[in-house]
Amino acid sequence: MRILGFLLATILLVFAPPAPTYAVTKSREEITHLLDFVAKSPCAFFRNGRAYPAAEARAHLERKYAVLKDRIRTAEDFINLAAARSSVSGESYRVRCNPGQEQETSAWLRSELLRFRSQPR
């Protein structure tokens, strides 16, 4: 019976899917895209009541990502944990791309992530 169990375990290991390197690579690609999207944006970013240009917003999100990297597995995790709100005040980050039109950064990034995922590659 032990030999049968050993053989079954061996067969399962041989035919098991590979480690999730594709998923990790895809998530990193998506997160990098979101960071690039922020950096190239003409929008103003609001954090704790103050406006920041795109380059500073990207740098801030990169620093948060570096700190939270162990907890971030997907682009959605990145948005929720690093790009949605201030870890100091708890206030939502906001973005203004057109005068009088502000939205939460998390919604803006989710929309871009969906657009990015729908592109053929």
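Above this text is the structure in question.
Here the structure is a predicted model, which is why all the values come from computation and not from measurement. (Residues numbered from 1 in each chain as written. Predicted model: local features only at pLDDT ≥ 70, side-chain atom pairs only at ≥ 80, totals over all residues. Heavy atoms only, no water.)

1. Considering helix H3 (residues 54-68)
Quick reminder: α-helices carry 3.6 residues per turn. Residues three or four places apart thus point the same way. For clarity, the threshold we go by: By the criteria applied, helices consist of DSSP H or I runs no shorter than four residues and strands consist of E runs no shorter than two, each listed in order from the N terminus. What a helix should span is 1.5 Å times the count of its residues minus one. Relative accessibility thresholds used throughout: buried, under 20% of the residue-type maximum; exposed, over 50%; partly exposed, between the two (1.4 Å probe, protein chains only). The directions considered for the arc are those from the helix axis to the C-beta atoms.
Taking 1.5 Å per residue, 15 residues should reach 21 Å; H3 reaches 21 Å between its end C-alpha atoms and fits that length. Those residues of H3 that fall on the buried side of the exposure criterion are Ala54, Ala57, Arg58, His60, Leu61, Lys64, Tyr65 and Leu68. Mapping the buried residues of H3 onto a view down its axis gives an arc of 165°, with all of them on the same face. Residues of H3 that are exposed and angled more than 90 degrees away from the buried face: Ala55, Ala66 and Val67.

2. What about the pairing of strand S3 (residues 94-98)?
As a reminder, the rule being used: Note on pairing: DSSP must find at least two bridges between two strands before they are called paired.
With 3 bridges connecting them, strand S1 (residues 44-47) and S3 associate as antiparallel partners. Counted as the bridge partner of Ala44 is Arg96 from S3. Summarising the sheet, S3 and strand S4 (residues 101-104) pair through 4 bridges and their orientation is antiparallel. Residue pairing for S4: Asn98 is matched across the bridge by Gln101. The turn linking S3 back onto S4 is made up of 2 residues, and Gly100 within it adopts a positive phi angle of 80°.

On their own, these measurements won't tell you what the molecule is for.
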